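Breakdown of the fold
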Amino acid sequence: MIRPALAALVLALPPAALAAPAPAPAASAAPGTAAAPTGTNDAPPSAPAAAVTVTPASFKCLTAMTAVRGFFVDNLAGNLEGTLAAARNPAGTPYPPGSVVQLVPTEVMVKREPGFSPVTRDWEFFELDVDDKGSRIRKRGFAEVNNRFGKNCFACHAAARPEFDLVCEQTHGCEELPIPRYVIRSLQATDPRCTVRDASLAQRFTSWMVQKLAPN
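Read on for a plain summary of the structure. Here the structure is a predicted model, which is why all the values come from computation and not from measurement.

Let us look at the overall build of the chain. Each helix and strand in the chain was counted, giving six helices and six strands. Each helix and strand of the chain, placed in order from N terminus to C terminus, yields the pattern α-α-β-β-α-β-β-β-β-α-α-α. Expressed as a percentage of the 216 residues in the chain, the buried residues total 35%. Accessible surface for the chain amounts to roughly 13800 Å². Of this, 61% is attributable to carbon and sulfur atoms.

Pasting the structure below:
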């Protein structure tokens, strides 16, 4: 009678003997040591973007920059290729940090490091005084900078469609400039910081008139 004997043996065992074995405890790190990472998201955080330093020496003769459709660009972080790619993209794209965009010698916009000024998409605006000795920063800032004619820089550039990253051109949605193109070309051709200037007599006269009529 094997089966009755087996049943009697099972009934005689204490309940603990019938339970499944408990899993072995996980190994713990030795005192003073960190546990090994177990997930896949343990990569170190990326380093913050380097600050873009802007001083009067950051600005130079327009013709020493790179011309793009009538305006000039540079990059203070050494990424001129990225700035040119943005400037030449007909569909528009964000400019990289360090980008310098300039139409006339006395007004500049510089793309600062990410997060520096979310309201202006990290662009900082500058009003300069320029002569044959170089550039001096007259005003700098973000949404509060006005040029010497009383026009707010950010208010004008904010009209650009989002894909153009606050950079104004004739088809970008900005208000048309109140001065003719020949006046802009005259100001560009007579930049006093340039050692070589081939401006015509008419351009020199136009530039002189603008300087005389501009508020101090």
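This part covers the side chain of H157. With respect to the element layout, H157 can be found in helix α4 (residues 153-157). Side-chain polar atoms of H157 contact the backbone oxygen of L166, separated by 2.7 Å. Discounting chain neighbours no more than four positions away, the residues touching H157 are M109, F125, L166, V167 and C168.

Tallied over the full model, the rule gives four aromatic pairs. When the centroid spacing of 5.6 Å and the interplanar angle of 45° are considered together, the rings of F116 and F142 count as tilted. Taken together, the residues F116 in the loop between β4 (107-111) and β5 (123-131) and F142 in the loop between β6 (134-141) and α4 connect sequence positions 26 residues apart. Against the face of F116 rests R112, its NZ or CZ located 4.0 Å from the ring centre.

Below, the discussion takes up the nonpolar core. Ranked by internal contacts, the top residues of the largest apolar core, which has 16 residues, are F71, V73, Y95, V101, M109, W123 and F125. Of all elements in the fold, only β2 (71-75), α3 (80-87), β5 and α4 reach the threshold of two or more residues within this core. It is α3 that provides the largest number of residues to this core, a total of three residues. Sequence-distant contacts of Y95, defined by excluding residues within four places in its chain, comprise F71, T83, A86, A87, V101, K111, W123, F164, D165 and V167. Formed by 12 residues, the second largest nonpolar core is a distinct cluster that contains F59, V108, V110 and V130.

Here the focus is the state of the cysteines. Applying the stated rule across the entire model yields two disulfides. The partner cysteine of C61 in its disulfide is C194, sulfur to sulfur 1.9 Å. The sign of the 95° torsion about the S-S bond sets the C61-C194 disulfide as right-handed. Linking C61 in the loop between α2 (15-18) and β1 (66-68) with C194 in the loop between α5 (181-189) and α6 (201-213), this pair joins segments that are 133 residues apart in sequence. Neither C61 nor C194 differs from the other in exposure class; each is buried. The disulfide partner of C168 is C174, and the gap between their sulfur atoms is 2.1 Å. What sets the handedness of the C168 and C174 disulfide is the S-S torsion sign, and at about -80° it is left-handed. The exposure class assigned to C168 is partly exposed, which follows from its relative accessible area of 27%. Numbered in order of appearance, the disulfide-bonded cysteines of the chain are paired 1-4, 2-3. Left without a disulfide partner, C153 is nearest to the cysteine sulfur of C156, which lies 7.2 Å away. According to the relative accessible area criterion, C153 is buried, its value standing at 9%. Sulfur of C156: no disulfide; nearest cysteine sulfur belongs to C168 and is 7.1 Å away.

The rules we used
- Residues numbered from 1 in each chain as written.
- Predicted model: local features only at pLDDT ≥ 70, side-chain atom pairs only at ≥ 80, totals over all residues.
- Heavy atoms only, no water.
- Helix = DSSP H or I, 4+ residues; strand = E, 2+ residues; numbered from the N terminus.
- Buried < 20%, exposed > 50% of the residue type's maximum accessible area, 1.4 Å probe, protein only.
- Areas by Shrake-Rupley, 256 points an atom, 1.4 Å probe, with all protein chains shown as cover.
- Polar contact = N/O pair within 3.5 Å; in protein donor to acceptor, adjacent residues only side chain to side chain.
- Contact = heavy atoms within 4.5 Å.
- Phe/Tyr/Trp six-rings, centres within 6.5 Å; stacked < 30°, edge-to-face > 60°.
- Lys NZ or Arg CZ within 6 Å of the ring centre and 35° of its normal.
- Core = buried A, V, L, I, M, F, W, Y, C linked by side-chain atoms within 4.5 Å.
- Disulfide = S-S within 2.5 Å.

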